[in-house]
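Below are the chains, spelled out letter by letter.
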Amino acid sequence: TQGVFTDTQSIATTDTAVTIGSISTLGLVVIKNLDTANFVDFGSYVGGTFYPLVRLKFSEQFAFRVQPGLTLYAKADTAAVKIQKWIYEA
């Protein structure tokens, strides 16, 4: 059964795992940056290094597919930001 998880999450200026609720396999992810001043980067870790893949400036939103098995991380610019997310199961 395919599911959807929606939530608001605070993202720190250190790498923060994006919570996915009870979704077992990530599919389509829609994220909106709710901040009015700061950007937030989304990406993953390879060999202990964070690689940002998507940057959302303040008030932007973006939809993208996540490779199954990948853990999605986020990192805020200069202050914590809140994001709204809709995560669909693959």
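Let me sum up the structure you'll find in this document. All values derive from a computational prediction rather than experimental measurement.

### Quick notes on the overall build of the protein chain
Each helix and strand counted, the protein chain has 0 helices and 8 strands in total. The helix and strand sequence of the protein chain, counted from the amino end, reads β-β-β-β-β-β-β-β. C-alpha extents for the protein chain along the principal axes are approximately 40 × 30 × 15 Å. Counting only residues that meet the buried cut, the protein chain has 37% of its 90 residues in that class.

### Details of the sheet that holds strand S6 (residues 61–65)
Strands pair in a sheet through their backbones, by hydrogen bonds, and they do so in one of two ways: parallel or antiparallel. Overall, antiparallel pairing links the 4 strands, which are arranged S1-S8-S3-S6 in an open sheet. Each end of this open sheet is capped by a strand with a single partner; those strands are strand S1 (4–11) and S6. On average, adjacent strands in this sheet sit at an angle of 20° to one another, irrespective of strand direction. Relative to strand S8 (residues 81–89), S1 runs antiparallel, the two being bridged by 8 bridges. Counterpart to Thr6 in the pairing with S8 is Trp86.

### Regarding the side chain of Asp41
Secondary-structure assignment places Asp41 in strand S4 (residues 40–46). Of note is the side chain of Asp41, whose polar atom sits 2.8 Å from the side chain of Arg55. Setting aside its immediate chain neighbours within four residues, Asp41 contacts Phe50, Pro52, Val54, Arg55, Tyr73, Ala74 and Lys75.

### As for a nonpolar patch on the surface
A surface patch of nonpolar side chains, about 330 Å² in accessible area, is lined by Val46, Tyr51 and Leu53. Within the secondary structure layout, Tyr51 lies in strand S5 (residues 49–56). Judged by relative accessible area, which is 43%, Tyr51 ranks as partly exposed.

### Some remarks on the packing of aromatic side chains
Evaluated as defined, the whole model comprises 3 aromatic pairs. A centroid spacing of 5.8 Å and a plane angle of 55° characterise the contact between Tyr45 and Phe50, whose relative ring orientation is tilted. Under the relative-accessibility criterion, Tyr45 is labelled partly exposed at 34%. Accessibility expressed as a relative area gives 16% for Phe50, which makes it buried. Here the aromatic cluster, defined as three or more aromatic residues joined through ring pairs, consists of Tyr45, Phe50 and Tyr73. Against the face of Phe39 rests Arg55, its NZ or CZ located 3.8 Å from the ring centre.

### Description of the environment of Ser10
Counting through the fold element by element, Ser10 comes out in strand S1. Classification of Ser10 as partly exposed rests on a relative accessible area of 44%. Put simply, Ser10 and Ala74 are 64 residues apart on the chain and 9.9 Å apart in space, counted from C-alpha to C-alpha. The residues touching Ser10, leaving out its near neighbours within four places in the chain, are Thr16, Ala80, Val81 and Lys82.

Calculation rules
- Residues numbered from 1 in each chain as written.
- Predicted model: local features only at pLDDT ≥ 70, side-chain atom pairs only at ≥ 80, totals over all residues.
- Heavy atoms only, no water.
- Helix = DSSP H or I, 4+ residues; strand = E, 2+ residues; numbered from the N terminus.
- Buried < 20%, exposed > 50% of the residue type's maximum accessible area, 1.4 Å probe, protein only.
- Pairing = 2+ DSSP bridges.
- Axes fitted to C-alpha atoms, helices over the stretch in contact; angles between N-to-C directions.
- Polar contact = N/O pair within 3.5 Å; in protein donor to acceptor, adjacent residues only side chain to side chain.
- Contact = heavy atoms within 4.5 Å.
- Patch = residues over 30% accessible without salt bridge, like charges linked within 9 Å, V, L, I, M, F, W, Y side chains within 5 Å.
- Areas by Shrake-Rupley, 256 points an atom, 1.4 Å probe, with all protein chains shown as cover.
- Salt bridge = Lys/Arg side-chain N within 4 Å of Asp/Glu carboxyl O.
- Phe/Tyr/Trp six-rings, centres within 6.5 Å; stacked < 30°, edge-to-face > 60°.
- Lys NZ or Arg CZ within 6 Å of the ring centre and 35° of its normal.

Shape descriptors only; they carry no functional weight alone.
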